[in-house]
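Per-entry structural report
What follows is the residue order along each chain.
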Amino acid sequence: MAFDFMDHSLMSQHMDAALKKGVESVKHPFHTFSLATITHVGRVDQRSVVLRQWEIERRSIIFFTDVRSPKVSQLARSPHCSVLFYSYPDRLQLRFSCYVHIHQFDRLSDYFFNELSDSQRTHYMADQSPSTDLDFEKKGTSSYQQVTTQSQDPYQNFSVGVCNFDHLDLLYLGKDKHIRVVYSWDKEGNLVSKNIGV
């Protein structure tokens, strides 16, 4: 990759194109990313989520989640999070520092809910909340399908997470050299960048 990471215009174009491909293609390395949050006891909790939308103009990364998920309550308590993308073909790591807003029952969440396929909506129909224990013994069965029933209204459980970032740590792992650049945006949207050690 012949790329000048200190050129803000080229950086924006390259990152924008790569993350848009991540939204569109399940095969792209940026289709999923790691989302790290803080639990109520101060521990780091991490999981992979699907990139649903990327908007460079608004500096936002969007994912969907069941509102009953622990990450929603964690983000309600501490809305700061870390988002990590990595692409082996591009030898590129993107680490964002974000502030998250969870949307439910509003214009944004309604827009995305209406775009869901029927099969996607089933992910929000489970009677069991995410991360809750499945009591196979109480149900008297070893069948996962019988324990995990689906009768919920998916609209009631669907929510959208919007990660707004103001800091990006970019690491390019080239064969000949590694390049690490930190990009920061102030409240007015002005961008400052600097090279730092790998």
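In this report, the structure presented in the accompanying data block is examined. Predicted model, so just to flag it, every value in this text is computed and none were measured.

Notes on the nonpolar core
Ranked by size, the top nonpolar core spans 30 residues in total, and within it Ile61, Val83, Phe85, Leu94 and Phe96 carry the most contacts. Put simply, the parts of the chain that give this core at least two residues each are helix H1 (8-24), strand S1 (32-38), strand S4 (60-66), strand S5 (80-87), strand S6 (92-103), strand S7 (158-173) and strand S8 (178-185). With near-sequence residues (within four places) excluded, valine 83 lies in contact with Phe33, Ser34, Leu35, Ile61, Leu94, Arg95, Phe96, Cys98 and Cys163. Core analysis: the second largest hydrophobic core is formed by nine residues, Ile62, Phe64, Tyr124 and Val160 among them.

Section: the packing of aromatic side chains
Scanning the entire structure with this criterion turns up 15 aromatic pairs. One residue, arginine 121, lies across the ring of phenylalanine 113, its end atom 4.2 Å from the ring centre.

Details of the pattern of salt bridges
Under the counting rule described, the total for this entry stands at six salt bridges. The shortest N-O distance in the salt bridge between arginine 58 and glutamate 55 comes to 3.6 Å. If you follow the salt bridges from partner to partner, you end up with Arg95, Asp169 and Arg180 in one network.

Quick notes on the pairing of S5
Residues Cys81, Val83, Phe85 and Ser87 of S5 are buried on one face, while the alternating residues His80, Ser82, Leu84 and Tyr86, pointing to the opposite face, are not. The sheet contact formed by S5 and S6 spans eight bridges and is antiparallel. Residue pairing for S6: cysteine 81 is matched across the bridge by cysteine 98.

Parameters and conventions
Residues numbered from 1 in each chain as written. Predicted model: local features only at pLDDT ≥ 70, side-chain atom pairs only at ≥ 80, totals over all residues. Heavy atoms only, no water. Core = buried A, V, L, I, M, F, W, Y, C linked by side-chain atoms within 4.5 Å. Buried < 20%, exposed > 50% of the residue type's maximum accessible area, 1.4 Å probe, protein only. Helix = DSSP H or I, 4+ residues; strand = E, 2+ residues; numbered from the N terminus. Contact = heavy atoms within 4.5 Å. Phe/Tyr/Trp six-rings, centres within 6.5 Å; stacked < 30°, edge-to-face > 60°. Lys NZ or Arg CZ within 6 Å of the ring centre and 35° of its normal. Salt bridge = Lys/Arg side-chain N within 4 Å of Asp/Glu carboxyl O. Pairing = 2+ DSSP bridges.

Interpretation in functional terms is not warranted from these geometric data alone.
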